[in-house]
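Inside the fold
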Amino acid sequence: MTARNLIARKGPALAIAAGLFTALIAPILPAAAADKVWHHGSALIGEPKYPADFTRFDYVNPDAPKGGRLNLSAGGSFDTLNPLLAKGEMAEGMSLVFETLMAPSLDEISTEYGLLAESVSYPADYSSVSYRLRPQARWHDGMPVTVEDVIWSFENVTELDPQRQFYYQHITSAEKTGEHEVTFTFDEKNNRELPQIVGQMQVLPKHWWEAKDARGRQRSISATSLEPPLGSGPYRVTTVSPGSTVQFERVDDYWGETLPVNVGSNNFDEIHYSYFADRNVEFEAFKSGTTNFWIENAARRWAKDYTFPAALDGRVTREELENPYRSSGVMVGFIPNLRRDKFSDARVRKALNLVFDFEDLNRTIFFDQYKRIDSFFYGSALASSGLPEGRVLEILEAVRDKIPESVFTTAYKNPVGGNPQNQRTNLREAVRLFKEAGYEIRGGTMVNAKSGEPFTFEILLNGPIIERVALPYAENLKRIGIDATVRSVDQAQYANRERNRDFDVIYSGWAQSLSPGNEQFEYWGSEAAAREGSANYGGISDPGVDALVRQVVFARDRDELIATTEALDRVLLAHQFVIPSYTSRVARIAYSTTLAHPNPLPEFSIGFPTIWWSKDAVK
């Protein structure tokens, strides 16, 4: 599955999936008003690593040469270059063109420094945030980036994208409060994440979108478009072949090249994306040298298929890197649509988990490269285990009347298969749970005991990659009389059906940062369950979950955040909302030896392609 499927947008790439809340540090510039204190960066845990006068991030190569061409691949297709819309499939790489107010550090957890904004200010109660723009910030046409651009971008993204409208729901106004200053006011206090949420917003040029194109046609920010857009970032779009290729070139006179957050970055002269409908064909393009970089998602291919000439003679390098997973957790699996009555009973959902034999799959097709997921924050320090105690237990006791009693009595454990005896035991327990929920097997078919309606469902997949997991699962379901069909569709159809909740079960998930926050409402909240296009895919609507999410968002300190997150995790698991699948906690990458990266890479990222460079470039 792609990163875009994994999470809701919270900024470029996977940062949309990570929750942040902020603690800002000492001022570096005079305040514009007596009640404002300005800061150069923001951090979740402690203070930002880099001082106000830092010149670059430690993990970059400041002497990296500029030049060369990077050839990349992408799956599926695209039909728009407009980043504000919920509709359409946006081309990869558009974050190279558009910038945000703040930029993340890759060797810190949830820490940002000024990009379009040179500084940020907020009151003690976090009831608003102000950003002061850099006067030198420019669009590619030479026009300045203005406060009006920021306000216009905010107004349009909240109008056109329901998901981000929900994400920015606590912003009541965006106002110009100085020549280069914009202030966002919030409708609640002490939500410490809100300032950083604003800092991650992409800014677009109002004057360009409100003008006419070269053919005299009025542009519309509310419509998909394949016209190369005007941006302020280090790259611009040069050529587009609809649904097939898109090419970016580095902007020679990029206004922000010497900013501390950009030194040693944006090193390739050209970045070219080619799109492939078939993952295997995409891999063949990498093997032949047509593309330069590959992220491996197939265990068998990683174990068996790197015997092509370029891999054998040293023209391709392979690495397994933990970096991207050190600051994140994840839940991935089969997600039943709770809006369908057949999935409304937790006993049914638990039974479906009992039928999924991970151990057999891991042995037969995954070469024992994966681990079974047993937390909605798997792989992070926030993941729960065992029975609740201490502060976690106190938090759960306060909502005891709203959550399953099993949270207090039974630690969550996935069923274990892998051999005929275990599988038979699991299937018998699944049948028992179905019977408790009002089903029985008649003539080899699982049916509703009252209506006689067969229990059937469709597993909708975003392409064929997960078929090798879903099809054996469907075969196991047949053993207890359930007819589960597997349907793989193209990316556009999948996106539409997922947005419209037109599915029984999908395979998807959510990425988590070490600082969960407002995105938890988007993932599990009742309001998000009722809204098309939200990241609450399964339709979770539960008062206990809502109460705990709110406690996560308003946690007063780090210890309370950890405790409330663990409490939330236990409740989500007890409800059996997902049939968890598996994950690997390393990034498996292969790339042409003409590419180079800093050594060591940043603590929490591989930094690709931002801080990589071409060995063919001439310094």
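Just so you know, the residues in each chain are numbered from 1, in the order the chain's sequence is written. Local features in this predicted model are restricted to residues of pLDDT 70 or higher, and side-chain atom pairs are both shown and tallied only at a pLDDT of 80 or more, whereas totals for entire chains, interfaces and linings draw on every residue. Side-chain measures here rest on the full set of heavy atoms in the structure, leaving out hydrogens and waters.

1. A short note on the overall build of the protein
The numbering of helices and of strands both runs from the N terminus, where a helix is a DSSP run of H or I of at least 4 residues and a strand a run of E of at least 2. Within the protein, the regular secondary structure consists of 19 helices and 28 strands. In this setup the radius of gyration rests on C-alpha atoms only. A globule is expected at 2.2 Å times the number of residues raised to 0.38. Rg of the C-alpha trace for the protein: 25 Å, near the compact-globule value of 25 Å for 619 residues, within the 12% margin. Each principal axis of the C-alpha atoms in the protein carries an extent, and together these give about 75 × 60 × 50 Å. Long-range pairs, those at least 24 residues apart, make up 71% of the contacts in the protein between residues at least 6 apart in sequence. Charge counting treats Lys and Arg as positive and Asp and Glu as negative, with His and both chain ends excluded. Charge positions are represented by NZ for Lys, CZ for Arg, CG for Asp and CD for Glu. Side chains of the protein carry 66 positive and 81 negative charges; the gap between the two charge centres is 5 Å. Contacts were defined at the residue level, with two residues in contact if any of their heavy atoms lie within 4.5 Å.

2. Some remarks on the packing of aromatic side chains
The aromatic pairing rule takes the rings of Phe, Tyr and Trp, using the six-membered ring of Trp, and pairs them if the centres are within 6.5 Å, calling planes under 30 degrees apart stacked, those over 60 edge-to-face and the rest tilted. This model, assessed by the stated rule, comprises 46 aromatic pairs. Centre to centre, the rings of Y50 and F54 are 5.2 Å apart; their planes meet at 40°, and the pair counts as tilted. Looking at Y50, the relative accessible area reads 4%, which means it is buried. When the ring of F356 is compared with that of Y473, the centres are 5.4 Å apart and the planes differ by 85°; the resulting orientation is edge-to-face. Of this pair, F356 sits in the loop between α9 (346-355) and α10 (358-364) while Y473 sits in helix α14 (residues 467-478), and the two are 117 residues apart along the sequence. Here the two residues F356 and Y473 agree in accessibility, since each one is buried. Connected via pairs of aromatic rings, a cluster forms that spans F283, F286, W294, W302, Y306 and F308. We call a residue buried when its accessible area falls under 20% of the maximum for its residue type, exposed when it is over 50%, and partly exposed in between, using a 1.4 Å probe and counting protein chains only.

3. Some thoughts on the nonpolar core
In a soluble, globular protein the nonpolar side chains are often hidden away together inside. Among the buried residues, those of types Ala, Val, Leu, Ile, Met, Phe, Trp, Tyr and Cys that are joined through side-chain atoms within 4.5 Å form a nonpolar core. Counting residues in hydrophobic clusters, the biggest one holds 83 residues, and the most contacted among them are F334, L352, F376, F434, F457, W510 and W524. Per-element accounting of this core gives the leading share, 7 residues, to helix α19 (residues 558-574).

4. Focus on unusual backbone geometry
The amide bond that connects N599 to the next residue, P600, takes the cis arrangement and shows omega of 10°. Here P600 shows up in the loop between β27 (595-596) and β28 (613-614). Note that the residue after F608, namely P609, is joined by a cis bond; omega there is -5°. Following the sequence through the fold, P609 ends up in the loop between β27 and β28. If you check the backbone angles, N190 has positive phi at about 65° while not being a glycine. Secondary-structure assignment places N190 in the loop between β10 (181-186) and α4 (194-199). In this model, N266 sits at a positive phi of 55°, which is unusual for a non-glycine residue. Checked against the element boundaries, N266 lands in the loop between β13 (245-250) and β14 (270-276). Accessibility expressed as a relative area gives 10% for N266, which makes it buried.

5. A closer look at the sheet that holds strand β17 (residues 328-336)
Judged by pairing direction, the sheet is mixed, and its 5 strands sit side by side in the order β22-β21-β23-β17-β24 without closing on themselves. At either end of the open sheet lies a strand with only one pairing partner, and these are β22 (483-489) and β24 (579-580). Strand pairing requires that DSSP identify at least two bridges connecting the strands. Across 2 bridges, β17 lies against β24 in antiparallel orientation. Opposite G333, over in β24, you have P580 as the bridge partner.

6. Quick word on the pairing of strand β23 (residues 505-513)
Within β23, 9 of the 9 residues are buried, which leaves it mostly tucked inside the rest of the structure. Both faces of β23 are covered, namely the face carrying V505, Y507, G509, A511 and S513 and the face carrying I506, S508, W510 and Q512. With 9 bridges joining them, β17 and β23 adopt antiparallel strand pairing. Bridging from a neighbouring strand, G329 pairs with Q512 of β23. As defined by bridge partners, strand β21 (residues 456-462) adjoins β23 across 2 bridges and the pair is classed as parallel. Counted as the bridge partner of L460 is I506 from β23.

7. Some remarks on the pattern of salt bridges
Any two side chains of opposite charge can pair, so long as their charged atoms come close to each other. Salt bridges are counted wherever a side-chain nitrogen of Lys or Arg sits within 4 Å of a carboxyl oxygen of Asp or Glu. Applying the stated criterion across every chain, the model contains 39 salt bridges. The salt bridge partner of R236 is E249, with a shortest N-O separation of 3.7 Å. Of this pair, R236 sits in strand β12 (residues 235-241) while E249 sits in strand β13, and the two are 13 residues apart along the sequence. With a relative accessible area of 25%, R236 lands in the partly exposed category. Here D269 makes a salt bridge to R250, at a shortest N to O gap of 2.6 Å.

8. Side note on the confidence of the model for the protein
Averaged over every residue, the pLDDT of the protein is 92; residues scoring 70 or more account for 94%. Ignoring residues within four places in sequence, the model shows residues 1-34, a span with pLDDT below 50, making 128 contacts including any to other chains. Looking at any residue, its pLDDT shows the predictor's confidence there, from 0 to 100.

9. Remarks on the environment of K87
Residue position: K87 is located in the loop between β3 (69-75) and β4 (99-100). Separated by 508 residues in sequence, K87 and L595 have C-alpha atoms that sit 35 Å apart. Residues contacting K87, with those up to four places away along its chain left out, are S222, A223, T224 and R499. Whenever a nitrogen or oxygen atom comes within 3.5 Å of another N or O atom, the pair is scored as a polar contact, on the condition that within protein one atom can donate a hydrogen and the other can accept it, and that pairs from neighbouring residues in sequence are kept only if both atoms are in side chains. From its side chain, K87 meets the backbone oxygen of S222 in a polar contact 3.3 Å long.

10. Details of helix α2 (residues 147-160)
The terminal C-alpha atoms of α2, which comprises 14 residues, lie 20 Å apart, in line with the 20 Å expected from a rise of 1.5 Å per residue. Where burial is concerned, most of α2 is hidden: 11 out of the 14 residues are buried. Along α2, the residues classified as buried are V147, D149, V150, I151, W152, S153, F154, N156, V157, T158 and L160. Expected span of a helix, by definition, is 1.5 Å for each gap between consecutive residues, and there is one gap fewer than residues.

11. A closer look at helix α13 (residues 420-436)
Because the α-helix completes a turn every 3.6 residues, residues three or four places apart line up on one side. In this model, α13 (17 residues) spans 24 Å end to end at C-alpha, consistent with the 24 Å of a helix rising 1.5 Å per residue. The complete set of buried residues in α13 reads Q423, N426, L427, A430, L433 and F434. Relative to the axis of α13, the buried residues are bounded by an arc of 120° and lie together on one face. Residues of α13 that are exposed and point more than 90 degrees away from the buried face comprise Q421, R428 and K435. For α13, the secondary structure elements touched by its buried residues are α9, β19 (439-442), β20 (445-448) and α14. By the N-cap criterion, in which a side-chain oxygen at the helix start approaches the backbone nitrogen of a residue two or three places on, α13 is capped by N419, the distance to Q421 being 3.1 Å. Here the arc refers to the set of directions running from the helix axis out to each C-beta atom.

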